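Examination of the molecular architecture
The primary structure of each chain is shown beneath.
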Amino acid sequence: MGPDFTPDDRLGALLELVNDYYEQVERDRVLIENALAVNSEELESLYEKLRERTDAERAVLRSLTTSVPDLLFVKSVDGVYRTCNHAFERMLGLREDQVLGRTVHDVLPGEMADEVTRIEQEVLSSRAPDLREQWIELSNGERRCLEMLRAPYFASDGTTLGLVGIGRDVTQKKQADDLIWKQANFDTLTGLPNRRMLRERLEHEIRQADRARCSVGVLLIDLDHSKEINDTLGHKVGDDLLVEAARRISACTRESDTVARLGGDEFIVVLTRLNDARHAENVASKIIARLAEPFQLQDTVGYVSASVGITTYPQDAQDVEDLLKSADQAMYVAKRQGRNRFSYFTQSLQTAAYERQRLVNDLREAIAQGAFHLHFQPIVDVATGHIHMAEALVRWDHAVRGAIQPEEFIPMAEETGLIVQLGDWVFHEAARWAERWAALIPGFQVSVNVSPVQFRAEAARSRASWIARARDSLMPPHSLVIEITEGLILHTDVDVMSVLASLRAAGIEVAIDDFGTGYSSLAYLHRFDVDLLKIDQAFVASLDKDGGETALCEAIIVMAHKLGVKVVAEGVETQRQADLLAGAGCDSMQGYLCSRPIPPEQLEAILRHGAHGR
Ligand code: C2E
Ligand code: MG
Ligand code: MG
């Protein structure tokens, strides 16, 4: 690259040089005219002098321009090259004598020469310089990018004499800029536009759609189970999967559509000029079908599926941000409905999402203000008919909506992580009652529901406080039971076994809640080292129906007992269910037949008056 001065500096210097040159020629013309009026001898010596000087000047000009690494040339108004430098000759692969006296049509291919002629005529007629980047193709087929400055030069009376050109080879810088642009706008793994580029394209499509009065479809595609592939087969294989998925998705779209990678295993398809909403659905179905086909991954075969959310502009959302949000909401519906399907965004989804956000905010506040209380549901010992346990169930008193069911806010508290704080309160509140009731009825136990989220690493402090509480000398060991679900081992980042072991060492018992709904493997009982198993109410409900699952229930109870685990049946509503369970050897029962969840004061009254039988 040349010395570091701007094209304007370079042009100024060159113009000065050229002007000097022409002024000199003008002065020489006057000298010649004067000499002509005198005599031939003087004329001859003058001629000699002038020729020497002209040669010297030309040599100076040539050596000056030659030392400059930029391309330089001077043309007369008729487009004929008058001067060029070495850099110019080198780049075009021509010698000076192949350039001087000729036009651009002799040195560049036709189309490019036409373009150059057009620009130069514009410069000459406007009498103003022109700076631009220009790609030229060399005779060896190589393409170079030149930053070209062209400027007219004038005689002292203002007539345009020609133009000066300075060109700098900026190919390398251009390629580096392109690379940076590519990295900023495209996903390096799949080569697809990234989130940034997607935004830009989507904005563009929205403007186009406004003009053409048509719609834009947006599909958000989330691969199901790709995390499992990553976890089990490694990231390299996971990457291969994403590349292949990107290829399959692209193959389902038109040239004018945009396929982008949002990051992770999420892709977006933008369908332009959507006139019929069914087209979006067709593309979604095609993509789902293509992604469900097996993936050949190195030496194994992988399977994924896709959940797709469909949203359209301007029907569902009016800007890029909202379009992506609504596609996301629709995609989550598809996931919740069982994956491997698509779902449309609807207005009710939006309302629900809005409501949910409000409820999350309310929940945050409620936790800060302690707007919760506990109900306890008695659990009856089948052998004695006495209440010997109670399950703590949290209740939220919403200022406007009244009581909100845990089914509605627990999942929300889990997603937001607020469950850690809430669960902590539940535990300590339940422990307070457990302590009172254990003093009243020896061996009495209170069970507390614990979410998998409370087993994550970040909740370690909270768990430490439970252990400290359980070790509290005022509370006999085994007064507290925590209820966990089978899903626990799948959703935590800590060693669940060792956490459970430390809780049990502190005298806290462990129960498996909702047994029979999840993975339902008796192997878990063995692995988890649990004290209690709670048969899910759905299971119990099917007991007194025809072809009920009594045999299975019996088998579970027998197996549990063999492992030293006691069994509680949940959701016992009818006497017949109770009888069947008792006959099957079930240890305890919980359900509306005995009692609904009740306030602790009420339970305490029952316990105190000894009326804790059935
Ligand atoms: P769960 O732990 O399985 O609790 C039993 C649920 O079944 C309770 O609903 C209870 O009221 C209900 N139930 C009891 N007997 C019967 C019956 O005979 N028939 C019927 N149909 N239902 C019965 P609830 O209180 O609405 O709690 C729902 C779920 O919310 C609980 O299921 C538990 O998973 C969760 N939950 C409640 N409190 C907490 C808590 O403090 N922390 C956490 N993490 N989860 C909680
Ligand atoms: Mg429970
Ligand atoms: Mg349960």
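Since we're looking at a predicted model, the values are computed, not measured.

Each strand in a sheet pairs with another by means of backbone hydrogen bonds, the pair being arranged parallel or else antiparallel. With respect to topology, 5 strands assemble into an open sheet ordered β7-β8-β6-β11-β12, the strand pairing being mixed. The open sheet has two free edges, formed respectively by β7 (258-263) and β12 (341-344), since each of these has just one partner strand. If you compare each strand with its neighbour and ignore which way they point, the axes differ by 20 degrees on average. Examined bridge by bridge, strand β6 (residues 215-224) and strand β11 (residues 305-313) share 9 bridges and lie antiparallel to one another. Within the sheet, the bridge partner assigned to Asp222 lies in β11 and is Ser307. Its contacts with the sheet place helix α12 (residues 320-336) against β6, β8 (266-274), β11 and β12, and it is angled at close to 140 degrees to β11.

Attention now moves to the sheet that holds strand β1 (residues 71-76). Pairing within the open sheet is antiparallel, and its 5 strands lie in the order β2-β1-β5-β4-β3. Edge positions in the sheet fall to β2 (81-84) and β3 (130-137), since each of these pairs with one other strand and no more. Taken pair by pair, the neighbouring strands of this sheet meet at an average axis angle of 25 degrees, ignoring direction. When β1 meets β2, the two strands line up antiparallel, connected through 3 bridges. In the strand pairing of β2, Phe73 is matched with Cys84. Sheet strands touched by helix α6 (residues 110-126): β1, β3, β4 (143-154) and β5 (160-169). Its angle to β3, the strand with the most contacts, is close to 170 degrees.

You can read the domains of the protein chain as domain 1 (9-175), domain 2 (188-345) and domain 3 (381-608). Just the C-alpha atoms count here: the centres of domain 1 and domain 3 sit 92 Å apart.

The subject of this paragraph is the coordination of the magnesium ion (ligand 2). Angles between donor atoms at a metal ideally measure 109.5 degrees for a four-coordinate tetrahedral arrangement and either 90 or 180 degrees for a six-coordinate octahedral one. All of the protein donors around the magnesium ion (ligand 2) are Glu391 (OE), Asn449 (OD1), Glu483 (OE) and Asp513 (OD); their distances to the metal are 2.0 to 2.2 Å. The sequence pattern describing where the donors of the magnesium ion (ligand 2) fall on their chain is E-x57-N-x33-E-x29-D. For the pair the magnesium ion (ligand 2) and the magnesium ion (ligand 3), the metal-to-metal distance amounts to 3.9 Å, and Asp513 bridges them. One end of the pair, Asn449, is in strand β16 (residues 445-449); the other, Asp513, is in strand β18 (residues 509-515), and 64 residues separate them in sequence. According to the relative accessible area criterion, Asn449 is partly exposed, its value standing at 29%. For Asp513, a relative accessible area of 7% corresponds to the buried category.

Parameters and conventions
Residues numbered from 1 in each chain as written. Chains lettered and ligands numbered in written order. Predicted model: local features only at pLDDT ≥ 70, side-chain atom pairs only at ≥ 80, totals over all residues. Heavy atoms only, no water. Pairing = 2+ DSSP bridges. Helix = DSSP H or I, 4+ residues; strand = E, 2+ residues; numbered from the N terminus. Axes fitted to C-alpha atoms, helices over the stretch in contact; angles between N-to-C directions. Contact = heavy atoms within 4.5 Å. Domains from an automatic or database assignment. Donors = N, O, S within 2.8 Å, 3.2 Å for Na, K, Ca; no water. Buried < 20%, exposed > 50% of the residue type's maximum accessible area, 1.4 Å probe, protein only.

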